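# Descriptive structure summary
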Amino acid sequence: MSSYPLSLQEAVLGYPLEDLARRSRSGGSGTRVPGAGQRSVQSRSFRAFAGNAQRSPQSVVKRIRAGGCHSKEELTRQLNYITREEAAHATWTNFAGVDRDLRSTTLARAVEDWSSAWRGAPRRGHTDHIILSFPKGTGIEAAEAVAREWGQAIFASGDYGDQWRYVAAVHRDPDHIHAHFVVDKVGCDWGTFLSISMKSELNYDVMRERHAELSRAHGIDMVASNRLSRGIIEYPPRETEYRAAHDRTGRGDLVPPPPMSDAERAYRREIVEGFARQYSSLGLLASLSGPGNAFMEKLSQAFFASAQTLEEGGSLMAEPDTLMPSETHTTTQDGGFDAVAAMMQARGKVLAEARETWDSIQAMEASPERVRMEAEFSRTSAELLAATQADPFFRDHATIAEPDADLFANLTLSSLQHVREELEADDPRVGKIDRTLDDLRGALISAFSKDPEVVAQMGTTPEELAEYLLQGEHSIAQAETWRGRAQSLDEESSARLTVVLEKGHRIVDGVAVPRDLAEHLALDQLLTVDKHHQLADVPAIEALVDRMAGELSNGDLAKVFAGDSTPLQDEIRDPAVRAAVAAELKNEADVVAGHGPREGETVEAYQAMARARQAELAAERVSEQGAEIEDGHEL
């Protein structure tokens, strides 16, 4: 390993772009990073992930469902309960943004003042009862300070449309320090009725984030993140069951979660897997944020460990033996180092250098090498997408453009590239694909050389055009670049360009795909195209249909037309591809026999069949691997 740290650009964008990285650094443009005005949102997101990785305690802000008061009597009982002397460490009330300590007459006056403004009979009552919880071990004085500032920020600041009166109390439960807030829903300034929901400006995410922010400012390690980002797929227990179990046994955490359908569980598991990828990307970003900084190295390890935990089906829960001990966290922060600020700075640098690198690629002379560099840049952008919180620049470079927005999109070629990537390097079919692409490359270069003038007007060469088409698919950024060049042509040149590209696509359409690759291509195309895509427009399926129509006997074809696909089994192993080919054979036979127009069947049903089969095969592979491990232990 070298004695000096790699630059962000070299480390993140990789060796293939190293020369361009050096060129970019020597003549940097100082490009302004897009989205800089949104850093507060990104900073909060980074902080939440970092807290999860460190197993920091979570902010808990609860509204008691049945805690709303409908009458003066209910309000009196509730206020007396939360302010009772044997439980409360501190009690206060707030009016017009000013905290006042409770006195003997304060509660009675609050009941009269609040209820005098109540109108109607709201279903949840005229008040809200909210509990603010603190982690075990929190000092009572720190909890009171946070609770006072939180009440001011949420209900008394006017930041959420009005100010609302409340009575608050901090309870000195040694195992569960918490604060109660009973809030009058009638606003003081405008009479705005307090609404707390995900559709409102004031919602649980806002309240939890402010709780965590104020807690950290007072030295209490806390973070606000959603359950799925911690790998918790189950729904939280119903409050009524939780409270009943807690009152009965003192262990509300033993309440089983509500039931969940298999489809919902699979959907939520997919989201968690996405979070796992984000933790992995943030691990890379953290490792680049502070070279030589012990805290950032530990944070990077925590990110990678969190990704592995989620991938294995675990969850990121606060534990006594956290990956990031609280004393290490506190000491580092007291030293003036802000991990999130360092990550944000690293993110900005990655973006700036990536933009410079892309500009450098575009400044290269037209050549196949430029095409390959763009493709490498797109792959790297996909890896950085999560680490940069889906920044638009990386998103456009990582996302494949829709075929109708890409001048060079070709389903056959993209499938050849996909299949090649899936095969092992020593698989003989890799050589067959390479030879097929080489033959196409020569034919395409020859065809594109027929109109050198329009090729030159596009700022390209026949060799570069051929390489673009051979890729089969391109990023949104690539597609937009070439669409912009095409739109700059005059009407005559634009028409000539259309002729040139159509000639290239016709050459590809006539390619003879090796026999042992035909089914692989057909399956890839079934899974790649939009579910509304016409089955008849999938090239590899149509190629198999033509081949089977020519090779099967009349008797075997008759069986297929009658719904028996057995004659196809020796040639087409995948059930979805076989079913699609059988359907198209019957469809074409019906047209020839004059039984009506061609049926425009879509790929949707066959896609579902193919995905189900893939899931079965994946489960079988996992089972086989488990059996091998068990056999190994027995030996």
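Residues numbered from 1 in each chain as written. Predicted model: local features only at pLDDT ≥ 70, side-chain atom pairs only at ≥ 80, totals over all residues. Heavy atoms only, no water.

Turning our attention to helix α21 (residues 518-528). Across the eleven residues that make up α21, a large majority, eight, are buried. Within α21, the full set of buried residues consists of A518, E519, L521, A522, L523, D524, Q525 and L526. (Buried < 20%, exposed > 50% of the residue type's maximum accessible area, 1.4 Å probe, protein only. Helix = DSSP H or I, 4+ residues; strand = E, 2+ residues; numbered from the N terminus.)

Moving on, we get to the environment of A341. As for its position among the elements, A341 is in helix α12 (residues 339-362). A sequence separation of 294 residues divides A341 from R47, and the C-alpha atoms of the two residues are 9.4 Å apart.

Of all seven residues making up strand β4 (residues 127-133), seven are buried, and the element is well covered by its neighbours. Neither face of β4 is exposed, since T127, H129, I131 and S133 on one face and D128, I130 and L132 on the opposite face are all buried. As paired strands, strand β1 (residues 60-63) and β4 are joined by four bridges and run antiparallel to one another. Bridged to K62 within β4 is I131. Summarising the sheet, β4 and strand β6 (residues 178-184) pair through seven bridges and their orientation is antiparallel. Across the sheet, residue D128 finds its bridge partner in β6, namely V183. (Pairing = 2+ DSSP bridges.)

Look at helix α15 (residues 411-422) against helix α18 (residues 462-471): their axes get within 6 Å of each other, and the N-to-C directions meet at 70 degrees. The angle between the axes of α15 and α18 places the two elements in the roughly perpendicular class. For the pair α15 and α18, the contacting residues are L413, S414 and Q417 in the first and L469, L470 and Q471 in the second. For the contact of α15 with α18, the per-class residue count stands at three nonpolar, three polar and no charged. (Axes fitted to C-alpha atoms, helices over the stretch in contact; angles between N-to-C directions. Parallel < 35°, antiparallel > 145°, perpendicular 65-115°, else oblique. Contact = heavy atoms within 4.5 Å. Nonpolar A, V, L, I, M, F, W, Y, C, P; charged D, E, K, R; others polar.)

Among the nonpolar cores identified, the biggest contains 56 residues, and L413, L526, I541, L568, V577, V581 and L585 are the most heavily contacted of them. Discounting residues that sit within four places of it in the chain, L568 has contacts with M548, L552, V560, R578, V581, A582 and L585. A50, A339, V340 and F393 belong to the second-largest nonpolar core, a separate cluster that totals 38 residues. (Core = buried A, V, L, I, M, F, W, Y, C linked by side-chain atoms within 4.5 Å.)

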